[in-house]
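Residue-level structure breakdown
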Amino acid sequence: MADPAETTIKVVCRFRPLNRAEVARGDKYIPKFQGEDCVAIAGKPYYFDRVFQSNTTQEQFYNAVAQKIVRDVLEGYNGTIFAYGQTSSGKTHTMEGKLHDPDMMGITPRIVQDIFNYIYSMDENLEFHIKVSYFEVYLDKIKDLLDVTKTNLSVHEDKNRVPYVKGCTERFVCSPEEVMEAIDEGKNSRSVAVTNMNEHSSRSHSIFLINIKQENSQTEQKLTGKLYLVDLAGSEKVGKTGAEGTVLDEAKMINKSLSALGNVISALAEGSSYVPYRDSKMTRILQDSLGGNCRTTMVICCSPSSFNDAETRSTLLFGQRAKTIKNNVTLNVELTAEQWKKKWEKEKEKNKTLKNTITLLEAEINRWRSGESVPAEEQFDKEKATAEVQALDTALNNDKATPQPALSTLPGVIITEVGKEQYGAEMGKLYKELDDKDEEINQQSQLVETLKQQMLDQEELLSSSRRDHDTLQTELNRLLAENEASKEEVKEVLQALEELAVNYDQKSQEVEDKAREFEALSEELNQKSSSLASIDSELQKLKEMTLHQRKRVTEMMSSLLKDLAEIGIAVGSNDIKQQESSGLIDEEFTVARLYISKMKSEVKSLVKRSKQLESTRAESSQKMEQTEMELTACQLRISQYEAKIKSLTESLQNLEQKKRQLEENVDSLNEEIVRVKAQEKVSTMDKKDEIQSATEVKDAVEKQILSHREAHQRQISSLRDELDTKEKLITELQDLNQKVMLEQERLRVEHEKLKAADQEKSRQLQELTVQQDRQEQARQDLKGLEETVARELQTLHNLRRLFVQDLSTRVKKNAKIDSEDTDGSAAQKQKISFLENNLEQLTQVHKQLLRDNADLRSEIPKMERRLRATAERVKALEAALKEAKENAARDQKRYQQEMERIKDTVKPKNMGRRASAQIAKPIRPGQLPGAPLIPGFIRSSLIQNNIKEGGNESS
Ligand code: ADP
Ligand code: MG
């Protein structure tokens, strides 16, 4: 049971050293310390449980003030540590300090570490569940620092009428690191939300709650302990900071909660029956810590500077007042079934004694009523009976009291009368209602927040839609301008189209003219070719004639030659028979002369004839030249026309292309116009009301477009048809032209041939004349020739004789040589034939071998190919195998990585879930998740425990 000294609030005072600014300003150090528990300001002493001077280290302070609380909380008592004082008096320094600096860390981190160290050293049968909450009270609103979305939490009472912050985040932790993480997170979310952290922290209270539940697995005893670590807002008066406006309101609010704290403390100190816990949320949360079931320590933080003299004194007074508050501390224990059973038995016993008393009393009353007088010794002994009942009661209470009703724990509230009971019940009901209202307010404020957010969203939406509207307007203007421009363009295009059409008409007219001209030309060409044909026939006739003439000339020549030969013979015979008849010679001579004259006349006629022929030839050649000239002229004209046609077709094509382009342009522009018109219409109409009519208009316009387009297309198609027919005509004309050209070519070739033939003929004619001349000469030479012929004949005779003789001698010689050669050659021939045979056989064998070789060679590439294919297959299989192996390795690797990743993600998730899902992780003494601050002896024992437990687990 708690000893009486521990039921009052413990108040300690801590002075910080003068800071640099104060030293620089030359402020005086005003506190005078008298012993361990007294400090005097300007001669007035203030007594506390303990006073700490400025040079106290964090560790010293912790050991003296807070260490004991760890044990209390772990033994099932509630605990609270407040830090009270003006801003920058060292509250945060005392409560938190530098969180991760082993020397400068304040109470909170040291408590956290000690709690775990203590747990690790406790009985193995105990199982701990630790959860932490962290919130801030600002302008009487409770903000959850572990979940920034909870901005206005409400305070409710549990079934034992102990207030708690409803809905705040409770994070289960199982190591000091996790607690520190939660603190860091809370501090972080606190500083993120505000611009000036110093100012904010001086105006808000921060409350860190550690809730420890333990269960003995053997006795099933359950204990709970709550520890509040409170860093209060600055206690200074508003005037000093010179706050204005909202800041002033804020300061009033803060002062309100602080003055509520003061009022509560005063009421408790005076033992008043009414304590105004409900004046502020802060006092409400700390209701149990102030005059309730809690071991409370208040740290009064003071500035030693003379500048803060007044504040320091009021702070010290506040602390002194708080020192008188008495708390009624009980163990927070849940009875086990056995304990309940025992308690029930005792109650039964008590009931029995009381019943006994009643029967005794009734018997005595009856006796009195019946007029009997009961002697003193027989009368009911009230004292004895009460003593009996009290004995039973104390037995019950000693067994460990049940948690007493909250009302009875309130000092000054003593339930003795029925009226007070009723009043208490009424109060409870009203408080309940108040709580509900609180909850409602909380919900409403949350709703307000969401509505605000929604409003902001709506405003944003509105502005964005306004912006959209503006952009649409500009777009519309742009479209209108574009529409105008495109209209203009369409007009231009239409004009261009008209011009083009006119141009087209002109061109087609031209084409027609040209075609007509071409026809005339081709007619002319026909005429020319017919005249050429007639000339040709004439030429043929002339040829025939020349042929005839030539025949005749040759005939004549041959007859002349015959005559000449006869003459020669006659002359020869004349030589031989000279002596026979000289008269005959004369005769012959006359005949020859006759012949010669005849020949002369004939030659003359021939010459005349040839002259005639020549003149006709000249004529015909002249004619030919003329026709040739005409032909070239015709050709020239034809080529000119061709060129013209070509250029015309090209220009036609160009025109066609241009036309198409323009048509397309017109189409697109028309579409654009219509679209723009529709848009214009749509935009001009009111968006919501006349969308339907706009669509109708749009439809109508579209219909119009469609009809317009159809007409246009029809026109285009007819124009295209016309164009096609024209093109066909042009191609026909071209074909005709081609034909005519071919004909012309043919004619020219023929003409060339004829010319060549003519030349040949003239050449022959010249040859003939030359021959004739030669004949003349020959006739003159004939006489001399006759003589030489005779002479030559004689010499020939002689030569013949000589030749015959030579020949006969040579024949004889040859016969002799032949007979000598025939003997050796027979054997040689045989040998040769044998060798030839052999050679033939060998060549056959060789050929066979060659063939075989060739066959084998042809086999080789096939085999090689097969070999290569198999090698490739093997290679491919090897590669596939390798790839498969690699894939498998990669898959395995990936799988492992995936597994690791999943493990990694699962770990923090579990950590995170711990925060929200509130899965309790039991902590057992002997399990140490890396506790670095466990003293050596504890650690060694823990390790031993670990070994023991590990063995159990593994088995
Ligand atoms: P508060 O939280 O009351 O506004 P702080 O704890 O923030 O004040 O302290 C103000 C300044 O004084 C801090 O810089 C702190 O380090 C310093 N300080 C406070 N108390 C001590 C002390 N006991 N020893 C050394 N410095 C201190
Ligand atoms: Mg502070």
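Rules used throughout
Residues numbered from 1 in each chain as written. Chains lettered and ligands numbered in written order. Predicted model: local features only at pLDDT ≥ 70, side-chain atom pairs only at ≥ 80, totals over all residues. Heavy atoms only, no water. Helix = DSSP H or I, 4+ residues; strand = E, 2+ residues; numbered from the N terminus. Buried < 20%, exposed > 50% of the residue type's maximum accessible area, 1.4 Å probe, protein only. Contact = heavy atoms within 4.5 Å. Areas by Shrake-Rupley, 256 points an atom, 1.4 Å probe, with all protein chains shown as cover. Near = heavy atom within 4 Å. Polar contact = N/O pair within 3.5 Å; in protein donor to acceptor, adjacent residues only side chain to side chain. Nonpolar A, V, L, I, M, F, W, Y, C, P; charged D, E, K, R; others polar. Salt bridge = Lys/Arg side-chain N within 4 Å of Asp/Glu carboxyl O. Pairing = 2+ DSSP bridges. Axes fitted to C-alpha atoms, helices over the stretch in contact; angles between N-to-C directions. UniProt positions renumbered as here; feature names shortened; annotations may be inferred. Arc of directions from axis to C-beta. Patch = residues over 30% accessible without salt bridge, like charges linked within 9 Å, V, L, I, M, F, W, Y side chains within 5 Å. Lys, Arg positive; Asp, Glu negative; His and termini not counted. Charge placed at Lys NZ, Arg CZ, Asp CG, Glu CD. Parallel < 35°, antiparallel > 145°, perpendicular 65-115°, else oblique. Left-handed = near helix turned anticlockwise from the far one by under 90°. Phe/Tyr/Trp six-rings, centres within 6.5 Å; stacked < 30°, edge-to-face > 60°. Lys NZ or Arg CZ within 6 Å of the ring centre and 35° of its normal.

**Section: the overall build of the protein**
Check the secondary structure of the protein and you find 18 helices and 15 strands. For the protein, buried positions account for 32% of its 955 residues. If you take every contact in the protein between residues at least 6 apart in sequence, the share linking residues at least 24 apart comes to 75%. Of the roughly 61,500 Å² that the protein leaves accessible, carbon and sulfur atoms contribute 54%.

**So, the site of ligand 1**
Ligand 1 sits among Arg14, Arg16, Pro17, Gln86, Thr87, Ser88, Ser89, Gly90, Lys91, Thr92 and His93. A distance of 2.6 Å separates an oxygen atom of ligand 1 from a polar backbone atom of Ser88. Backbone polar atom of Ser89 to an oxygen atom of ligand 1: 3.2 Å apart, as the coordinates give it. Isolated, ligand 1 exposes 560 Å² of accessible area, and the fraction of that covered by the protein chains is 65%. Its residues assigned to classes, the shell around ligand 1 shows 1 nonpolar, 7 polar and 3 charged.

**Quick look at the pattern of salt bridges**
Tallied over the entire structure, the rule returns 42 salt bridges. Between Arg675 and Glu672 there is a salt bridge; the shortest N-O distance is 3.1 Å. Here Glu672 and Arg675 lie together in helix α16 (residues 582–684), a separation of 3 residues that amounts to about one turn. Residue classification places Arg675 among the partly exposed residues on the basis of a relative accessible area of 41%. Given a relative accessible area of 23%, Glu672 falls into the partly exposed group. In this structure, Lys862 and Glu859 form a salt bridge, with 3.6 Å as the shortest nitrogen-oxygen distance. Here Lys862 and its partner Glu859 are both found in helix α17 (residues 691–917), 3 residues apart, which amounts to about one turn of the helix. Under the relative-accessibility criterion, Lys862 is labelled partly exposed at 46%. Residue classification places Glu859 among the partly exposed residues on the basis of a relative accessible area of 37%. Through salt bridges that share partners, Glu157, Arg161, Arg278, Arg284 and Asp435 make up one connected network.

**Observations regarding the sheet that holds strand β2 (residues 32–34)**
With antiparallel pairing, the 3 strands of this open sheet are ordered in space as β2-β3-β4. Of all the strands in the sheet, the pair left with one neighbour each is β2 and β4 (44–47). Across the sheet, the mean angle separating the axes of adjacent strands is 30 degrees when strand polarity is ignored. Across 4 bridges, the pairing between strand β3 (residues 38–41) and β4 is antiparallel. Within β4, the position partnered with Ala40 by the bridge is Pro45. Its contacts with the sheet put helix α11 (residues 309–323) on β3 and β4, and the angle it makes with β4 is roughly 40 degrees.

**Things to note about the side chain of Ser235**
Note on placement: Ser235 falls in the loop between β13 (222–231) and α8 (238–241). If we skip the residues at most four places from it in the chain, Ser235 touches Tyr84, Gly85, Gln86, Thr87, Leu258, Glu311 and Thr315.

**Quick word on the UniProt feature "coiled-coil region" (unreviewed entry) in the protein**
Following the UniProt record, one finds the feature "coiled-coil region" (unreviewed entry) at residues 337–364, 434–528, 596–679 and 709–905. Span residues 337–364 is 100% helix and 0% strand, its end C-alpha atoms 41 Å apart.

**Section: helix α2 (residues 58–65)**
Working note: α-helix, 3.6 residues per turn, so residues spaced by three or four point in the same direction. Among the residues making up α2, those that are buried are Gln58, Phe61, Tyr62 and Val65. One side of α2 holds all its buried residues, which, seen down the axis, span an arc of 100 degrees. On its buried side, α2 packs onto β1 (10–15), β5 (50–52), α3 (67–74), α4 (91–95), α5 (107–120) and β14 (295–302).

**Describing a negative patch on the surface**
A surface patch of like charges, here negative, comprises Asp505, Asp721, Glu722, Asp724 and Glu727. Inspection of the secondary structure assignment puts Asp724 in helix α17.

**Quick look at the packing of α2 against α5**
At their nearest, the axes of α2 and α5 sit 10 Å apart, and the two run at 60 degrees to each other. As far as their axial angle goes, α5 and α2 are oblique. For the element pair α2 and α5, the recorded crossing hand is right-handed. Here Gln58, Glu59, Phe61 and Tyr62 of α2 lie close against α5, whose contacting residues are Ile107, Arg110, Ile111 and Asp114.

**With respect to the environment of Phe318**
For Phe318, the position within the fold is in helix α11. For the pair formed by Phe318 and Gly85, sequence separation is 233 residues and the distance between their alpha carbons is 9.5 Å.

**Concerning the packing of aromatic side chains**
Geometrically, a pair of aromatic rings is defined through the distance of the ring centres and the angle of the planes. Under the defined criterion, the tally for this structure stands at 5 aromatic pairs. An angle of 85 degrees between the planes, with centres 5.5 Å apart, marks the rings of Phe15 and Phe33 as edge-to-face. Of this pair, Phe15 sits in strand β1 while Phe33 sits in strand β2, placing them 18 residues apart in sequence. Its relative accessible area of 1% is what places Phe15 among the buried residues. Consider the rings of Phe116 and Tyr120, whose centres lie 6.3 Å apart with planes at 45 degrees: the pair is tilted. Remark: Tyr120 and Phe116 occur in helix α5; sequence separation between them is 4 residues, near one turn of the helix. The exposure classification of Phe116 matches that of Tyr120, with both residues buried. Positioned above the aromatic ring of Phe307 is the side chain of Arg25, whose terminal nitrogen or guanidinium carbon lies 4.2 Å from the ring centre.

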